[in-house]
Amino acid sequence: MLKAVADRIIVKPDSENESKIILPENVMLTTNKGVVQSVGPLVKKIKCGDHIVFHPFDELQLPDKNLVVVREKSILALYDD
């Protein structure tokens, strides 16, 4: 199991794009919503299981996994599932 460090958050992105805007195919493959899987010890406002919206250009895709890493400051909002 991966564990986040410092102010990092590991997120499992939502797989669907609910936007009604037509986007180029490469943009539609990314999402900026997901469920928090792990939080680092310096994270103050987010916990595992939270549904979040994060800045789409601040993510780091993890190889061989459907997970991304973002910093706490990249979290834009929490939402209810």
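Quick caveat: nothing in here was measured; it's all calculated off a predicted structure.

About the cut-offs
Residues numbered from 1 in each chain as written. Predicted model: local features only at pLDDT ≥ 70, side-chain atom pairs only at ≥ 80, totals over all residues. Heavy atoms only, no water. Helix = DSSP H or I, 4+ residues; strand = E, 2+ residues; numbered from the N terminus. Areas by Shrake-Rupley, 256 points an atom, 1.4 Å probe, with all protein chains shown as cover. Salt bridge = Lys/Arg side-chain N within 4 Å of Asp/Glu carboxyl O. Buried < 20%, exposed > 50% of the residue type's maximum accessible area, 1.4 Å probe, protein only. Phe/Tyr/Trp six-rings, centres within 6.5 Å; stacked < 30°, edge-to-face > 60°. Lys NZ or Arg CZ within 6 Å of the ring centre and 35° of its normal. Core = buried A, V, L, I, M, F, W, Y, C linked by side-chain atoms within 4.5 Å. Polar contact = N/O pair within 3.5 Å; in protein donor to acceptor, adjacent residues only side chain to side chain. Contact = heavy atoms within 4.5 Å.

Caption draft 1: Main features of the overall build of the protein. Of regular secondary structure, the protein possesses one helix and six strands. For the protein, the succession of helices and strands along the chain, N to C, is β-α-β-β-β-β-β. A total accessible area of about 5,900 Å² is found for the protein, and carbon and sulfur atoms account for 56% of it.

Caption draft 2: The pattern of salt bridges, seen in detail. Counted by the stated rule, this structure contains three salt bridges. With a closest N to O distance of 3.2 Å, Asp-7 and Arg-71 form a salt bridge. Of the two residues, Asp-7 is situated in the segment before β1 (8–13) and Arg-71 in strand β5 (residues 68–71); the sequence distance between them amounts to 64 residues. Accessibility expressed as a relative area gives 19% for Asp-7, which makes it buried. Exposure remark for Arg-71: the relative accessible area of 33% places this residue in the partly exposed category. Via salt bridges that share partners, Asp-7, Arg-8 and Arg-71 belong to a single interconnected network.

Caption draft 3: Structural view of the packing of aromatic side chains. Enumeration over the complete set of coordinates arrives at zero aromatic pairs. Stacked on the ring of Tyr-79, the Lys or Arg Lys-33 has its end atom at 5.1 Å from the ring centre.

Caption draft 4: Region of interest: the nonpolar core. Counting residues in hydrophobic clusters, the biggest one holds ten residues: Ile-9, Val-11, Val-36, Val-43, Ile-46, Ile-52, Phe-54, Val-68, Val-70 and Ile-75. Among the secondary structure elements, those contributing two or more residues to this core are β1, β3 (51–54) and β5. Ranked by size, the runner-up nonpolar core spans five residues in total, among them Ile-10, Leu-62, Leu-67 and Val-69.

Caption draft 5: Representation of the side chain of Asp-50 within the structure. As for its position among the elements, Asp-50 is in the loop between β2 (33–39) and β3. Given a relative accessible area of 11%, Asp-50 falls into the buried group. A polar side-chain atom of Asp-50 sits 3.0 Å from the main-chain amide nitrogen of Lys-47. When sequence neighbours within four positions are dropped, the list of residues in contact with Asp-50 reads Gly-34, Val-35, Val-36, Lys-45 and Leu-78.

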